[in-house]
Amino acid sequence: MPIYELHAHTAECDKAAHVGGADMVRMYRDAGYDGMVITDHYFSLFFEWFADELRGADHRTTIERWQKGYYAARNEGERLGFTVLAGAEVRFDGSINDYLVYGVEADFFLTAPRLNELGSVEALTAILPPEALVVQAHPFRNGMTVQDPAPLHGIEVYNGGTESIRNELAERLAAHSGKIMTSGSDFHCTDHLARGGIVTDQPIRTSGELASVLRSGAYTLRRGE
């Protein structure tokens, strides 16, 4: 059955990542995956990392730079017949909590305000398309705050870079609150390849189809073991 990665970072946009978007697509295809969501960090540190490039740039140009890894991955995916979808891992200013955004098209980010400046899940959800989803990533990592699950659509209950006891706590929280459960490798380098994702018998080709599958529950979690 098709396998899809839901949490991956590209070297084009993340100083902590070491694999470019095109190379990542080839690696995941060779690992047996059928598609992936690029969830590069959307936080203030990105704008600091690339300050020299972004100095004087308008909003559209800035966001197009943030999407550089996504487009590298998408273009390679189109060449290989491998699904690549746009997403984000948003961190609000003044917080270290991370929220994965699914179910949006790449153009959404060009017209949306700076997501890191919105300040809350409620404010983020208010500007997203109706079908989009906000999922708290690895909520039990050190220093993070467990978000009130009420405004969330889901919780990442398996994260390939998080120890098992913390993933187990995330799954208990999601089960208790009745939230969508997701899994992702949190890919930053080759050692992180194919640690997570979802397995489904429904081919996913668009962001809308991904959101529909996640809402339906018609999938199983890949947990890296």
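Heads up: these notes are all about the structure in this document. (Residues numbered from 1 in each chain as written. Predicted model: local features only at pLDDT ≥ 70, side-chain atom pairs only at ≥ 80, totals over all residues. Heavy atoms only, no water.)

Considerations on the sheet that holds strand S11 (residues 220-222)
Within a sheet, neighbouring strands are paired by backbone hydrogen bonds and run either parallel or antiparallel to one another. Rules: Note on pairing: DSSP must find at least two bridges between two strands before they are called paired. Only DSSP runs of H or I with at least four residues qualify as helices, and only runs of E with at least two residues qualify as strands; both kinds are numbered from the N terminus onward. Working convention: axes come from line fits to C-alpha atoms, limited for helices to the stretch in contact. Angles between N-to-C directions cover 0 to 180 degrees. It only takes one pair of heavy atoms within 4.5 Å for two residues to be counted as in contact.
Read from one edge of the open sheet, five strands run S4-S2-S1-S10-S11, paired in mixed fashion. Of all strands in the sheet, those bounded by a partner on one side alone are strand S4 (83-86) and S11. In this sheet, adjacent strand axes meet at a mean angle of 25 degrees when their direction is disregarded. Bridge count for strand S10 (residues 197-199) against S11 is three bridges, and the pairing is antiparallel. What sits directly across from Val199, in S11, is Thr220. Helix H1 (residues 21-30) contacts strand S1 (3-5), strand S2 (35-38) and S4 of the sheet and is inclined by roughly 145 degrees relative to S2.

Comments concerning unusual backbone geometry
Applicable threshold: Three labels apply to residues, based on accessible area from a 1.4 Å probe with only protein chains included: buried if under 20% of the type maximum, exposed if over 50%, partly exposed otherwise in between.
For His138, which is not glycine, the phi torsion reads 30 degrees and is therefore positive. His138 gets classed as buried once you look at its relative accessible area, which sits at 3%. The residue Asp186 is not glycine, and still its phi comes out positive at about 55 degrees. Structurally, the position occupied by Asp186 is in the loop between strand S9 (180-184) and S10.

Comments concerning empty space enclosed by the protein
This is how the line gets drawn: A pocket here means an open set of points on a 1 Å grid, computed over the protein atoms alone, that has protein on both sides within 12 Å along at least five of seven lines. A cavity is instead a set of points where a 1.4 Å probe fits but cannot get out; residues with an atom within 4 Å of a point line either one. Grid points are joined across faces, edges and corners, and a volume is the space filled by probe spheres set on the points. Following the grouping adopted for this structure description, the nonpolar residues are Ala, Val, Leu, Ile, Met, Phe, Trp, Tyr, Cys and Pro, the charged ones are Asp, Glu, Lys and Arg, and the polar ones are all others, Gly among them.
A full pass over the atoms with the stated rule returns one cavity of 30 Å³ or more. In terms of lining, the largest cavity is formed by Ile38, Asp40, Trp66, Gln67, Tyr70, Ala86 and Gly87. Residue classes in the lining of the largest cavity are distributed as four nonpolar, two polar and one charged.

A look at the pattern of salt bridges
Put simply, the test is: Counted as salt bridges are all cases of a side-chain nitrogen of Lys or Arg within 4 Å of a carboxyl oxygen of Asp or Glu.
Counting across every chain of the model gives twelve salt bridges. Here Glu64 and Arg60 are joined by a salt bridge, their closest N and O atoms 3.3 Å apart. Of this pair, Glu64 and Arg60 are both found in helix H4 (residues 59-66), four residues apart, which corresponds to roughly one turn of the helix. On the basis of relative accessibility, which here comes to 37%, the residue Glu64 falls in the partly exposed class.

Section: H4
Inclusion rule: This arc is taken over the directions from the axis of the helix to the C-beta atoms.
The set of residues buried in H4 consists of Thr62, Ile63, Arg65 and Trp66. Viewed end-on, H4 has its buried residues packed into an arc of 155 degrees, placing them on one side of the element. Against the buried residues of H4 lie strand S3 (41-42), helix H2 (44-49), helix H3 (51-54), helix H5 (68-80), strand S5 (88-90) and helix H6 (106-111).

Some details on the packing of aromatic side chains
Our working rule: Here the aromatic set is Phe, Tyr and Trp, taking the six-membered ring for Trp, and pairing holds for ring centres within 6.5 Å; pairs whose planes are under 30 degrees apart are stacked, those over 60 apart are edge-to-face, and all others are tilted. Here, a charge over a ring means that NZ of Lys or CZ of Arg falls within 6 Å of the ring centre while also lying within 35 degrees of the ring normal.
Going through the model one piece at a time under the given rule, you end up with eleven aromatic pairs. Their ring planes at 75 degrees and their centres at 5.5 Å tell us that Phe43 and Trp49 sit as a pair that is edge-to-face. Note on Phe43: relative accessible area 7%, which makes it buried. Ring geometry for Phe46 versus Phe50: centroids 5.1 Å apart, planes at 50 degrees, classification tilted. With respect to burial, Phe46 and Phe50 carry one shared label: buried. Taken together through their ring pairs, the aromatic side chains of Tyr42, Phe46, Phe47, Phe50, Trp66, Phe108 and Phe109 make up a single cluster. Seen from the ring of Phe50, Arg65 lies directly overhead, with NZ or CZ sitting 4.3 Å from the centre. In this structure, Arg114 is placed above the aromatic ring of Phe47, and the distance from its NZ or CZ to the ring centre is 4.0 Å.

Observations regarding the side chain of His41
We apply this condition: Any pair of N or O atoms that falls within 3.5 Å is considered a polar contact. Within protein, one atom must be able to donate a hydrogen and the other to accept it, and sequence-neighbouring residues count only if both atoms are side-chain atoms.
Secondary-structure assignment places His41 in strand S3. Judged by its relative accessible area of 9%, His41 is buried. At 3.4 Å, the side chain of His41 forms a polar contact with the side chain of Glu89. Setting aside residues no more than four positions away along its own chain, His41 makes contact with His9, Asp14, Phe46, Trp66, Glu89 and His188.

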